[in-house]
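Letter by letter, the chains look like this.
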Amino acid sequence: MPGLLRGAARTAVVAGTATAVSNRVSRRQAGRWAEQDAQQQAAYQQAEAPPRPAAQPEGDDMNDKIGQLKQLADLKAQGVLSEEEFEAQKRRVLG
């Protein structure tokens, strides 16, 4: 009888150890796969993001507006634009 009990105990220890190791390996693999999925998702989102337009410096934008206003003033002086048209375009340029 002692041999039978010892064999059953050994089997229980081996089965318990195998289960514990198997669970640990499964959790580790799941963690790695989740990390890979997160990296792939981040790369996918970056690839689909539209490129951001280059921000123009504040001075360049102001120079463009001044140039447009000068052109409008010239057109008004030539008689191409009326006073109302000039004011409307000026409001559009200045935002």
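Figured I'd write up the structure that's included with this text. (Residues numbered from 1 in each chain as written. Predicted model: local features only at pLDDT ≥ 70, side-chain atom pairs only at ≥ 80, totals over all residues. Heavy atoms only, no water.)

As a further point, take the overall build of the protein. Within the protein, the regular secondary structure consists of three helices and zero strands. Listing every helix and strand of the protein by position from the N terminus yields α-α-α. Here the protein, with 95 residues, has 4% of them falling under the buried criterion. For the protein, the computed accessible surface area is about 8300 Å², with 56% contributed by carbon and sulfur atoms. (Helix = DSSP H or I, 4+ residues; strand = E, 2+ residues; numbered from the N terminus. Buried < 20%, exposed > 50% of the residue type's maximum accessible area, 1.4 Å probe, protein only. Areas by Shrake-Rupley, 256 points an atom, 1.4 Å probe, with all protein chains shown as cover.)

On to helix 3 (residues 83-94), then. Between its terminal C-alpha atoms helix 3 stretches 16 Å, which fits the 16 Å expected from 12 residues at 1.5 Å a residue. Positive backbone phi, at 80 degrees, marks Gly95, one or two positions downstream of helix 3. (Expected span 1.5 Å × (residues − 1).)

Throughout the structure, instances matching the rule amount to three salt bridges. Here Asp61 and Lys65 are joined by a salt bridge, their closest N and O atoms 3.9 Å apart. In this pair, Asp61 and Lys65 are both assigned in helix 2 (residues 58-78), four residues apart and thus about one turn of the helix distant. Two residues, Lys76 and Glu83, come together in a salt bridge whose shortest N-O distance is 2.6 Å. You can call Lys76 partly exposed: its relative accessible area is 31%. (Salt bridge = Lys/Arg side-chain N within 4 Å of Asp/Glu carboxyl O.)

A word on the packing of aromatic side chains. For any pair of aromatic rings, the description rests on two quantities: the centre-to-centre distance and the angle between the ring planes. For the coordinates displayed, the defined rule picks out zero aromatic pairs. Its end group placed over the ring of Phe86, Lys76 keeps NZ or CZ at 5.0 Å from the ring centre. (Phe/Tyr/Trp six-rings, centres within 6.5 Å; stacked < 30°, edge-to-face > 60°. Lys NZ or Arg CZ within 6 Å of the ring centre and 35° of its normal.)

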